[in-house]
Amino acid sequence: MNPEFSPDGSRVVFVSNREGAEALFVATGDGAPVRLKLPERYRYVNAHWSHDGRALYSMRLDADPPHAQSVVRIDATTGATEILGALGADVDEIFADRTGRYLYYAVGTGQTMRLMRAPLADLDAQERLPFPPVSNFMVDGTRIAFAQPQIRGLTSCNLADLACEALPLPISESTMGAWTLGAGSVWFLDTSAMPATLARYDLAAGRVTLRSASSPMAYGRTIAVSPDGGKVLLARQAPTLIDLMIAR
């Protein structure tokens, strides 16, 4: 789950439990995935690349109750981990913008989240963004987009001036997270018709310009788009590979 291309498109970070517990893996186009060597007894989720591809920002949860949570910055090569304590313990997800200026993140408030940002040079200088409560969000090179609880569609905003527009897309809580921004488009799981399809909505043209019968899972971060828009990764359900047998 949770795949994401690096800023130069050469690597992909994702979450997998292929070696037991959940862990972060980084793969290149011509190599096997490598598990990051991170401190044990933690879960690492929602990892996103830094602007220069040298680090990852992730949520870290203690494996033991009460499962204390923190924001960490991870060296993408060595796995060295730094806790960003200034952002607090209630952050749900965090992205770095592609200029290296800001971190954009969501803070949980009950069943919803409020969007915040902080300059990388001074994480104590936090500000709340002028948006309503959200259920999930994404950031790419120039835009931030978010979904709202019980409201169909997305809102897309320029990072430069935070000017926003509503996008009439069939995205709802039933497909939580099964959408992403990439190369001037919104890629999403369209369940408005059956069978469901993967669709690309072109932001400049204001319409869907591509559909594919291949589709991701409906829940969670399941779509990743390369920076140039030429490749798409989907996290899909696979057949069960384990059988319970009774020997007599």
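The structure this text deals with has already been given above.
Residues numbered from 1 in each chain as written. Predicted model: local features only at pLDDT ≥ 70, side-chain atom pairs only at ≥ 80, totals over all residues. Heavy atoms only, no water.

Caption draft 1: Structural view of the overall build of the protein chain. Summing up its helical and strand segments, the protein chain has 0 helices and 22 strands in all. Computed over the C-alpha atoms, the radius of gyration of the protein chain is 18 Å, within 12% of the 18 Å expected from 2.2 N^0.38 for a compact globule of 248 residues. Summarising its shape, the C-alpha atoms of the protein chain cover approximately 65 × 45 × 40 Å along the three principal directions. For the protein chain, the residues scored as buried account for 48% of the 248 residues in total. In the protein chain, of all internal contacts separated by at least 6 residues, the share reaching a separation of at least 24 is 33%. About 12,900 Å² of surface is accessible on the protein chain, with carbon and sulfur atoms providing 51% of the total. Placing the 23 positive and 26 negative side-chain charges of the protein chain at their respective mean positions leaves the two points 4 Å apart. (Helix = DSSP H or I, 4+ residues; strand = E, 2+ residues; numbered from the N terminus. Rg over C-alpha atoms; globule rule 2.2 N^0.38 Å. Buried < 20%, exposed > 50% of the residue type's maximum accessible area, 1.4 Å probe, protein only. Contact = heavy atoms within 4.5 Å. Areas by Shrake-Rupley, 256 points an atom, 1.4 Å probe, with all protein chains shown as cover. Lys, Arg positive; Asp, Glu negative; His and termini not counted. Charge placed at Lys NZ, Arg CZ, Asp CG, Glu CD.)

Caption draft 2: Geometry of the pairing of strand S10 (residues 102-109). Among the 8 residues that make up S10, 6 are buried, leaving the element largely enclosed by the rest of the structure. Here strand S9 (residues 91-96) pairs with S10 via 5 bridges, running antiparallel. Residue pairing across strands places Ala96 opposite Leu103, the latter belonging to S10. Here S9 hands over to S10 after 5 residues, with Gly100 in that stretch at a positive phi of 80 degrees. Relative to strand S11 (residues 112-119), S10 runs antiparallel, the two sharing 8 bridges. Each residue of the ladder has a partner; that of Thr109, found in S11, is Thr112. Where S10 hands over to S11, the hairpin turn is made up of 2 residues, of which Gly110 adopts a positive phi near 75 degrees. (Pairing = 2+ DSSP bridges.)

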